[in-house]
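Okay, here's what each chain looks like letter by letter:
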Amino acid sequence: MTILYNALRTEADPELTDQKNEAINELAAKNHFFNNCMVTFHHPEGFSPIGLVEFNYKGQATLKAFYTVYIQDNILRACLVTLDMVKLIDANVQSFLQKLEAYSFLKDTQQVVVA
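Everything numeric in this text was worked out from a predicted model, so none of it was measured.

Novice: Lay out the overall build of the protein chain with the relevant residues and their values.
Specialist: Scanning the protein chain from terminus to terminus reveals 3 helices and 6 strands. Its C-alpha atoms put the protein chain at 50 × 30 × 25 Å along the principal axes. Expressed as a percentage of its 115 residues, the buried residues of the protein chain come to 28%. Partitioning the contacts of the protein chain with sequence separation of at least 6, the portion at a separation of at least 24 is 26%. Carbon and sulfur atoms make up 53% of the accessible area of the protein chain, which totals about 8,200 Å². Distance between charge centres in the protein chain, computed from 9 positive and 13 negative side chains, equals 7 Å.

Set out below in structure tokens:
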């Protein structure tokens, strides 16, 4: 129990935490356009590590997923998961939008591992 207790009490470097909050704000600051899809990141007010992202396809329905920006091994990472928590993309923050755009161009018959 001591290991879990100490792990839960551990906090990230405040500078990295500030950078994480900036990355969240940058994602949510504007709509992103990929192929025929508009992507909008919504982040709830207050402390919440998970936000909602909407994918609006022209002439089709809107799809939703969750995203989070987190710190792992002193590196900022972003993750996109389905509403059932199936991980689709997990990448460093700098390459997250590029991986999201690349993922949006894949055909249904292609499979890819995004890391």
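Novice: Residue-level account of the pattern of salt bridges, with values.
Specialist: Applying the stated rule across the entire model yields 3 salt bridges. A salt bridge links K87 to D90; its shortest N-O distance comes to 3.3 Å. Salt bridges here are not isolated pairs; linked through shared partners, they connect R77, K87 and D90.

Novice: Explain a negative patch on the surface to me, using residue names and the numbers behind them.
Specialist: A surface patch of negative charge is lined by D13, E15, D18, E22 and E26. Among the structural elements, D13 can be located in the loop between α1 (2–9) and α2 (14–28).

Novice: Hey, could you go over the packing of aromatic side chains for me, with residue numbers and the actual values?
Specialist: A complete count under the given rule lists 2 aromatic pairs for this structure. Ring centres 4.9 Å apart and planes at 80° place the aromatic pair F41 and Y67 in the edge-to-face group. A residue pair is termed long-range when its members are at least 10 positions apart, and F41 in strand β2 (residues 37–42) and Y67 in strand β4 (residues 62–72) qualify at 26 residues. Each member of the pair, F41 together with Y67, is buried. Three or more aromatic residues joined by ring pairs form one cluster here, namely F41, Y67 and F96.

Novice: Any details on unusual backbone geometry? Residues and values, ideally.
Specialist: The backbone phi angle of N35 is positive, close to 55°, even though this residue is not glycine. Structurally, N35 is set in the loop between β1 (32–34) and β2. The exposure class assigned to N35 is exposed, which follows from its relative accessible area of 51%. One non-glycine residue, D73, lies in positive phi territory at about 55°. Mapping D73 onto the fold places it in the loop between β4 and β5 (75–81). By relative accessible area, which is 67% here, D73 ends up exposed.

Novice: Can you break down the sheet that holds strand β6 (residues 87–92) residue by residue, with the values?
Specialist: With respect to topology, 6 strands assemble into an open sheet ordered β1-β2-β3-β4-β5-β6, the strand pairing being antiparallel. The open sheet is flanked by β1 and β6, the only strands paired with a single partner. The sheet shows a mean angle of 25° between the axes of neighbouring strands, taken without regard to direction. In the sheet, β5 pairs with β6 via 5 bridges, with the strands oriented antiparallel.

Calculation notes
- Here the residue numbering is sequential within each chain, running from 1 through the sequence in written order.
- Totals for whole chains, interfaces and linings use every residue, but because this is a predicted model, local features are given only for residues with pLDDT of at least 70 and side-chain atom pairs only at 80 or more, for both listing and counting.
- To get the side-chain values, all heavy atoms of the structure are used, and hydrogens and water are removed first.
- The helix count covers DSSP runs of H or I at least four residues long, the strand count covers runs of E at least two residues long, and both are numbered beginning at the N terminus.
- Three exposure classes are used, based on accessible area relative to the maximum for each residue type with a 1.4 Å probe and protein chains only: buried under 20%, partly exposed in between, and exposed over 50%.
- Contact criterion: two residues are considered in contact whenever any of their non-hydrogen atoms come within 4.5 Å of each other.
- Each accessible area is a Shrake-Rupley estimate made with a 1.4 Å probe; only the visible protein chains count as cover when residues are assessed.
- By the counting rule applied here, Lys and Arg register as positive and Asp and Glu as negative, while His and the ends of each chain are not counted.
- Note that the charge is assigned to NZ on lysines, CZ on arginines, CG on aspartates and CD on glutamates.
- By definition here, a salt bridge exists when the distance from a side-chain nitrogen of Lys or Arg to a carboxyl oxygen of Asp or Glu is within 4 Å.
- Residues with no salt bridge and a relative accessible area higher than 30% make up the patches, which join like charges within 9 Å and nonpolar side chains (Val, Leu, Ile, Met, Phe, Trp, Tyr) within 5 Å.
- In summary, the pairing rule links any two rings of Phe, Tyr or Trp, Trp by its six-membered ring, whose centres are within 6.5 Å, and it sorts them by plane angle into stacked for under 30 degrees, edge-to-face for over 60 and tilted for everything else.
- Being paired, for any two strands, means DSSP has found at least two bridges between them.
- A fitted line through C-alpha atoms serves as each axis, taken over the contacting stretch for helices, and the angle formed by two N-to-C directions is quoted from 0 to 180°.

None of the figures reported here should be taken as evidence of function without further support.
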